[in-house]
Amino acid sequence: MYIVEAKFKESDLIDAVAKIQNDYIRCFDVLGIKGGFAVLYPEELTKPMPSEVLMKLAYQAKFKIVAMFPPKDVRKSFTVYEGTLNEIAKILAEHVLSLPEYVEPSTDYIIKALRDSGNT
């Protein structure tokens, strides 16, 4: 499960990031959250316009997203991406479809640490 918060104003994007981080990512293990995305719609899409103009503009305008992941996931949290709707959709799909990345413990180090602790 991924959380998405979308905003029209740059100033509201910080609120969306904070909400995802504080309300969802913080409790990721209880909620089953794999990550979150704060989306900033292009300002030009906030104006009233005919639907055909909106559709054309939506595919040309630049969106911005901030990707966030739980602390156990080593992917870069708070990474900002910018692009057209198609580019942003591809970035979202890549993150959602890829498995979380975790730091793997070193088996050699664990064995050495256990041996060293047994020798003291």
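Residues numbered from 1 in each chain as written. Predicted model: local features only at pLDDT ≥ 70, side-chain atom pairs only at ≥ 80, totals over all residues. Heavy atoms only, no water.

Asks: How should the packing of aromatic side chains be read in this particular structure?
Replies: Each aromatic ring pair is specified by the distance between its two centres and by the angle formed by the two planes. Inspection of the entire model under this criterion finds 4 aromatic pairs. By way of ring pairs, the aromatic residues Tyr-2, Phe-37 and Phe-69 are connected into one cluster. (Phe/Tyr/Trp six-rings, centres within 6.5 Å; stacked < 30°, edge-to-face > 60°.)

Asks: It is not clear to me how the pattern of salt bridges should be interpreted in this structure. Could you clarify?
Replies: Opposite charge on two side chains allows them to pair when their charged atoms are near. Taken as a whole and judged by the stated rule, the model has 3 salt bridges. For Glu-5, the salt bridge is made with Lys-19, and the minimal N-O distance between the two is 3.8 Å. Residue Glu-5 is found in strand S1 (residues 2–7), and its partner Lys-19 is found in helix H1 (residues 10–24); the two are separated by 14 residues along the sequence. Judged by relative accessible area, which is 35%, Lys-19 ranks as partly exposed. Here the residues in one salt-bridge network are Glu-5, Lys-7 and Lys-19, joined through shared partners. (Salt bridge = Lys/Arg side-chain N within 4 Å of Asp/Glu carboxyl O. Helix = DSSP H or I, 4+ residues; strand = E, 2+ residues; numbered from the N terminus. Buried < 20%, exposed > 50% of the residue type's maximum accessible area, 1.4 Å probe, protein only.)

Asks: Any chance you could explain the sheet that holds strand S3 (residues 63–68) here in plain terms?
Replies: One key point about sheets: their strands pair by backbone hydrogen bonds, in either a parallel or an antiparallel sense. Taken together, the 4 strands give an open sheet; going across it, the order is S1-S2-S3-S4, and neighbouring strands pair in mixed fashion. The open sheet has two edge strands, S1 and strand S4 (79–83), and neither has a second partner. Here the average twist between neighbouring strands, direction ignored, is 20°. Where H1 meets the sheet, its contacts fall on S1, strand S2 (35–40) and S3, and the angle it forms with S2 comes to roughly 170°. Contacting S1, S2, S3 and S4, helix H4 (residues 85–97) crosses the sheet at an angle of about 145° to S4. (Pairing = 2+ DSSP bridges. Axes fitted to C-alpha atoms, helices over the stretch in contact; angles between N-to-C directions. Contact = heavy atoms within 4.5 Å.)

Asks: Would you take a moment to explain the side chain of His-95 for this structure?
Replies: Inspection of the secondary structure assignment puts His-95 in helix H4. Relative accessible area serves as the criterion here: at 13%, His-95 is assigned to the buried category. Reaching out from His-95, the side chain makes a polar contact with the side chain of Tyr-81 at a distance of 3.1 Å. The contacts of His-95, once residues within four sequence positions are left out, are Tyr-2, Phe-37, Ala-67, Phe-69, Arg-75 and Tyr-81. (Polar contact = N/O pair within 3.5 Å; in protein donor to acceptor, adjacent residues only side chain to side chain.)

Asks: Even after reading the chapter, I still don't get helix H5 (residues 107–118), so can you show me in this structure?
Replies: Owing to its 3.6 residues per turn, the α-helix aligns residues three or four sequence positions apart on the same side. Under the 1.5 Å per step criterion, the end-to-end length of H5 is 17 Å for 12 residues, consistent within 8% with the ideal 16 Å. Summarising burial for H5: 0 of the 12 residues are buried, a small minority. (Expected span 1.5 Å × (residues − 1).)

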